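Breakdown of the fold
Letter by letter, the chains look like this.
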Amino acid sequence: QVQLVESGGGLVQAGGSLRLSCVASVSNFIIPAMGWYRQAPGKQRELVAKITNGRTNYADSAKGRFTISRDGAKNMVSLQMDSLKPDDTAVYYCNADLYYGEVYWGKGTLVTVSS
């Protein structure tokens with residue numbers, strides 16, 4: 001089993017920044033893909049950003065404001081979030097896609113953006 005531990009969530013005012021980090025409990029291989037999803041109350045979970053073998057993919061709402069980065073050696077993924085908006089308020093989940101269809105999720109970290 002793989003454990004994903006997120007950190008960096010918190011309360012920030014609109015226009016501010018936060019940096020989320022996620023570390024996976026895997027040391028003997030490189031996780032192929034890691035990313036961030038979020039789920040706001042009453043909403044479906046949605047992709048925020050993902051990085052796969054150096055290739056990045058962003059939700060339209062994140063483009064130009066968020067930056068995903070990866071430390072493959074540590075199976076760590078970070079999400080730098082700038083110019084935060086109240087609509088960014090959600091629980092952010094770290095995601096890891098392993099081999100043979102194995103998908104793991106962190107417990108989530110809450111990001112609250114006040115106006």
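The coordinates are above.
Now for a look at the structure at hand. What you see is a predicted model, and the numbers here were worked out from it, not measured in a lab. (Residues numbered from 1 in each chain as written. Predicted model: local features only at pLDDT ≥ 70, side-chain atom pairs only at ≥ 80, totals over all residues. Heavy atoms only, no water.)

Summed over all chains, the structure comprises two aromatic pairs. Aromatic side chains Phe-29 and Tyr-99 sit 6.0 Å apart centroid to centroid with 45 degrees between the ring planes, which places their arrangement in the tilted category. In this pair, Phe-29 sits in the loop between strand S3 (18-24) and strand S4 (33-39) while Tyr-99 sits in the loop between strand S9 (90-97) and strand S10 (103-105), placing the two residues 70 residues apart along the sequence. A relative accessible area of 27% means that Phe-29 is categorised as partly exposed. Note on Tyr-99: relative accessible area 46%, which makes it partly exposed. Seen from their ring centres, Tyr-37 and Trp-105 are 5.0 Å apart, and the 75 degrees between their planes marks the pair as edge-to-face. (Phe/Tyr/Trp six-rings, centres within 6.5 Å; stacked < 30°, edge-to-face > 60°. Helix = DSSP H or I, 4+ residues; strand = E, 2+ residues; numbered from the N terminus. Buried < 20%, exposed > 50% of the residue type's maximum accessible area, 1.4 Å probe, protein only.)

Let us now look at the side chain of Arg-65. Take Arg-65: it is sitting in the loop between strand S6 (55-58) and strand S7 (66-71). What makes Arg-65 buried here is its relative accessible area of 11%. Once you skip the residues sitting within four places of it in the chain, Arg-65 turns out to touch Gln-80, Met-81, Asp-82, Ser-83, Leu-84, Lys-85 and Asp-88. (Contact = heavy atoms within 4.5 Å.)

What follows covers the side chain of Arg-38. With respect to the element layout, Arg-38 can be found in strand S4. Under the relative-accessibility criterion, Arg-38 is labelled buried at 6%. Among the polar contacts listed, one links the side chain of Arg-38 to the side chain of Ser-61, at a separation of 3.3 Å. Side chain to side chain, Arg-38 and Asp-88 meet in a polar contact 2.9 Å long. What Arg-38 contacts, discounting residues up to four positions off in sequence, is Gln-44, Arg-45, Glu-46, Val-48, Ser-61, Phe-66, Asp-87, Asp-88, Ala-90, Val-91 and Tyr-92. (Polar contact = N/O pair within 3.5 Å; in protein donor to acceptor, adjacent residues only side chain to side chain.)

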